[in-house]
Amino acid sequence: LMKTLALIPHYNHPATIAQVAEAMRAFGLDVLIVDDGSREDCLPVLKTLAAQHGISVLYRHRNGGKGAAVKSGLFYAAEHGYSHVLQVDADGQHHWQDVPRFINRAAEHPEHMIIGHPVFDESVSKTRFYGRYATHVWVWINTLSTDIKDSMCGFRVYPVAATCQQLRRHSMEARMGFDSEILVYLHWQGVRFINLPTPVTYPVGGVSHFLPWTDNLSLSRMHAKLFFGMLWRLPTLIARRLGK
């Protein structure tokens, strides 16, 4: 039986978090917001959502990064009996109307990883658009495949048991690199992927938490670690490709 939790990692998005959370509730989903040490002005919004809309909020009192927040949410889901986690970002960039498509595909293929393949509009900057390909190429190298079309999209459905198994086995990036890293480990584990095209719009005046020096360094370190992990898995990965 499929039981899905909508997970929203949140850090300083008081203007959009209520709209996103209420949209997920409108689809009949249980909702968990993992607040990653946000400013004080976010607390009234989160408390209202919890008190008036039946939305659960898990508070991380120190900011640890998006990856740390998502990991907390995934372990919460496992502890509370959820089979799947639908992850969406708190800034409203994702096309909520596609939530039923993602849920339905997960129901049809419960052991697969369902990931958004962004269809960008004119709101995306060229720097952001082309910069993503550095990570895409490394993910394709480290999985010896293009099964993962876009590893950075935060709109996805995780199979909870398989994902938490990898979280317990491996130390992963706590910040922006987590979205990509967990997919590589799941691919190595043999999890199959379904890529669903979905519109992505960057809100006007939206807040980015990407720290160029810190995050680029951590991403470089992550890709290097995964590359060496790929090398000693090479015979298995090649055999898997030949067997397809």
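Before reading on, note that the structure itself is shown above.
Procedures and definitions
Residues numbered from 1 in each chain as written. Predicted model: local features only at pLDDT ≥ 70, side-chain atom pairs only at ≥ 80, totals over all residues. Heavy atoms only, no water. Core = buried A, V, L, I, M, F, W, Y, C linked by side-chain atoms within 4.5 Å. Buried < 20%, exposed > 50% of the residue type's maximum accessible area, 1.4 Å probe, protein only. Helix = DSSP H or I, 4+ residues; strand = E, 2+ residues; numbered from the N terminus. Contact = heavy atoms within 4.5 Å. Arc of directions from axis to C-beta. Axes fitted to C-alpha atoms, helices over the stretch in contact; angles between N-to-C directions. Parallel < 35°, antiparallel > 145°, perpendicular 65-115°, else oblique. Left-handed = near helix turned anticlockwise from the far one by under 90°. Salt bridge = Lys/Arg side-chain N within 4 Å of Asp/Glu carboxyl O. Pairing = 2+ DSSP bridges. Patch = residues over 30% accessible without salt bridge, like charges linked within 9 Å, V, L, I, M, F, W, Y side chains within 5 Å. Areas by Shrake-Rupley, 256 points an atom, 1.4 Å probe, with all protein chains shown as cover.

Looking at the nonpolar core
Then step 1. In this structure, L74, V85, M113, Y158, F178, I182 and L186 are the most contacted members of the largest nonpolar core, which totals 35 residues.
Then step 2. The element best represented in this core is helix α7 (residues 178–189), accounting for 7 residues.
Then step 3. The residues contacting M113, other than those within four sequence positions of it, are R156, V157, Y158, P159, L183, L186, V191, R192, F193 and I194.

Comments concerning helix α2 (residues 43–53)
Then step 1. Every buried residue belonging to α2 is among L43, L46 and L49, and all of these are buried. One side of α2 carries all its buried residues, which in axial view fall inside an arc of 130°. Exposed and facing more than 90 degrees away from the buried side of α2 are K47, A51 and Q52.
Then step 2. In the core, the buried residues of α2 are packed alongside β1 (4–10), α1 (17–26), β2 (30–36) and β3 (56–60).
Then step 3. Two residues or fewer after α2 comes G54, characterised by a positive phi angle close to 65°.

A few points about the packing of helix α3 (residues 66–79) against helix α6 (residues 160–169)
Then step 1. Packing of α3 against α6 leaves a shortest axis separation of 10 Å and a crossing angle of 125°. Relative to α6, α3 is oriented oblique. Remark: the crossing between α3 and α6 carries left-handed chirality. Residues K71, L74, F75, A77 and A78 of α3 lie in contact with α6, whose contacting residues are V160, T163, C164, L167 and R168.

Some thoughts on the pattern of salt bridges
Then step 1. Taken as a whole and judged by the stated rule, the model has 10 salt bridges.
Then step 2. For R39, the salt bridge goes to D41, with nearest N and O atoms at 2.9 Å.
Then step 3. D89 serves as the salt-bridge partner of K66, at 3.1 Å between the closest nitrogen and oxygen. One end of the pair, K66, is in helix α3; the other, D89, is in the loop between β4 (84–87) and α4 (99–108), and 23 residues separate them in sequence.
Then step 4. Linked through salt bridges whose partners overlap, the residues forming this network are K66, D89, R156 and D179.

A look at the sheet that holds β4
Then step 1. Reading across the sheet, the 7 strands line up as β3-β2-β1-β4-β6-β5-β7 and stay open at both edges, with mixed pairing between neighbours. One side of each edge strand has no neighbouring strand; the edge strands of this open sheet are β3 and β7 (193–200). With strand direction ignored, the average angle separating the axes of adjacent strands in the sheet is 25°.
Then step 2. The pairing of β1 with β2 spans 6 bridges and is classified as parallel. Across the sheet, the residue bridging to L5 is D30, located in β2.
Then step 3. Packing of α3 onto the sheet brings it into contact with β1, β2, β3, β4 and β6 (156–159), and relative to β1 it is tilted by some 155°.

What about a nonpolar patch on the surface?
Then step 1. Together, V137, W138 and I141 make up an exposed nonpolar region whose accessible area comes to about 230 Å².
Then step 2. Inspection of the secondary structure puts I141 in helix α5 (residues 126–143).

Overview of unusual backbone geometry
Then step 1. Located in the positive-phi region is N12, a residue other than glycine, with phi close to 60°.
Then step 2. Turning to its location among the elements, N12 is positioned in the loop between β1 and α1.

Brief notes about α4
Then step 1. Those residues of α4 not exposed but buried are V99, F102, I103 and A106. Axial view of α4: buried residues confined to an arc of 95°, hence all on one face.
Then step 2. Tucked inside the fold, the buried residues of α4 contact β1, α1, β4, β5 (113–120), β6 and β7.

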